[in-house]
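Observations on the three-dimensional arrangement
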Amino acid sequence: MHLDIIGAGPAYSDREGATGAAYLVRFGETAVCLDLGHGAFARLARTIEPSRLAAVLVSHLHPDHFIDLVALRHYLRWEFKPSRRVRVIGPRSLDARLDALHADPGFSAHALDVEALAAGTIAIGTLRVETARIRHTADSYGFRVAPGAKGAEGADVRDHDRGIAAGPGLVYSGDCGRAEDLDPLIRPGDTLLSEVSFGPGPVVPGAEHLDGPTVGRLAARTGAARVLLTHLQMGYDAHATIDSVRTHFDGPVQLVTPGDAFAIA
Ligand SMILES: [Zn+2]
Ligand SMILES: [Zn+2]
């Protein structure tokens, strides 16, 4: 399983290239994109032909996590005749938000097959995605992505033959106001891709986000193999942020940037 960092920014930043959240996960023939925030479409399109995506999963309805679905929709609608379609799984009313932006009730439906997200498990090609409700907005989710019951070669394989329960998988926090909400998703050996909006901390009271010490404690108690940090707000120092995670977690820690690529499994 391979992870490409397409966009790793927060809602706004003075850091050049800090586009909105977008993380491409590929295993065998299946590719999914976790979030598609502002400015992320161009790098996505340089990395994979976007109409080949099996799905886009949207963690919550903040524009830094979903607004480049507009660019994806236009691409699918106007680059191909007939237009192509991509499955989009996100919080309820995602399609209505996109439609309202264009004052066009059919805007999303022209090219996006939008499905409502719920806590549970979704099979997408060779991947299996587990979802969990996360405190942030009223309808926010975290994801665990791992090789699924169907192998890369297309043969049906029972879960225990592939060691699904033990990992390794990729857990993505989305935006998160309570780290404990992620505990049920993380298996020992997983890679934790976590937001760290408030750097070394502390989190400003009332902000539903995480800081480094909180992420470090989360990784340590769940047995994560490594931590990839993202969504760092402007004004926070990267090294101090990484050090604040390392205070609580012994494994590898790094702050990701667009263009980074990782082998997960
Ligand atoms: Zn965000
Ligand atoms: Zn958010």
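Right above here is the structure, for reference.
Report on the accompanying structure. (Residues numbered from 1 in each chain as written. Chains lettered and ligands numbered in written order. Predicted model: local features only at pLDDT ≥ 70, side-chain atom pairs only at ≥ 80, totals over all residues. Heavy atoms only, no water.)

**Considering the pairing of strand β2 (residues 22-27)**
Within β2, 5 of the 6 residues are buried, leaving the element largely enclosed by the surrounding structure. Sheet topology places β2 next to strand β3 (residues 30-34); 5 bridges connect them, and they run antiparallel. Note on β3: the bridge partner recorded for R26 is A31. Here β2 folds back onto β3 in antiparallel fashion, the turn holding 2 residues, of which G28 has a positive phi close to 60°. (Buried < 20%, exposed > 50% of the residue type's maximum accessible area, 1.4 Å probe, protein only. Helix = DSSP H or I, 4+ residues; strand = E, 2+ residues; numbered from the N terminus. Pairing = 2+ DSSP bridges.)

**Focus: the coordination of the zinc ion (ligand 1)**
Octahedral metal centres with six donors ideally show angles of 90 or 180 degrees, and tetrahedral centres with four donors ideally show 109.5 degrees. Within the first shell, the zinc ion (ligand 1) binds the protein through D64 (OD), H65 (NE2), D175 (OD) and H231 (NE2), at distances of 2.1 to 2.2 Å. Geometry at the zinc ion (ligand 1) is irregular, judged from its 4 donor atoms and the angles of 88 to 162° they form at the metal. Ordering the donors of the zinc ion (ligand 1) by residue number gives the pattern D-H-x109-D-x55-H. For the pair the zinc ion (ligand 1) and the zinc ion (ligand 2), the metal-to-metal distance amounts to 3.5 Å, and D175 bridges them. Taken as a pair, D64 in helix α2 (residues 63-66) and D175 in the loop between β10 (170-172) and β11 (191-195) lie far apart in primary sequence, 111 residues in all. Judged by relative accessible area, which is 6%, D64 ranks as buried. (Donors = N, O, S within 2.8 Å, 3.2 Å for Na, K, Ca; no water. Tetrahedral: all angles 85-135°; square planar, octahedral: opposite > 155°, others 65-115°.)

**Some remarks on the side chain of E130**
Tracing the sequence through the fold places E130 in strand β8 (residues 127-134). Side chain to side chain, E130 and R187 meet in a polar contact 2.8 Å long. Not counting the four nearest positions on each side in its chain, E130 is found in contact with G120, T121, G142, F143, R144, L185 and R187. (Polar contact = N/O pair within 3.5 Å; in protein donor to acceptor, adjacent residues only side chain to side chain. Contact = heavy atoms within 4.5 Å.)

**As for the sheet that holds strand β4 (residues 55-57)**
The sheet built from 7 strands is open, its strands ordered β6-β5-β4-β3-β2-β1-β14 with mixed pairing. Lying at the two open borders of the sheet, with one neighbouring strand each, are β6 (112-116) and β14 (261-263). Recorded for the sheet is a direction-independent mean angle of 20° between the axes of neighbouring strands. In this structure, strand β5 (residues 86-90) lies alongside β6, joined through 5 bridges in parallel fashion. What sits directly across from V86, in β6, is L112. This element, helix α3 (residues 69-78), spans β4, β5 and β6 of the sheet and lies at about 140° to β6. (Axes fitted to C-alpha atoms, helices over the stretch in contact; angles between N-to-C directions.)

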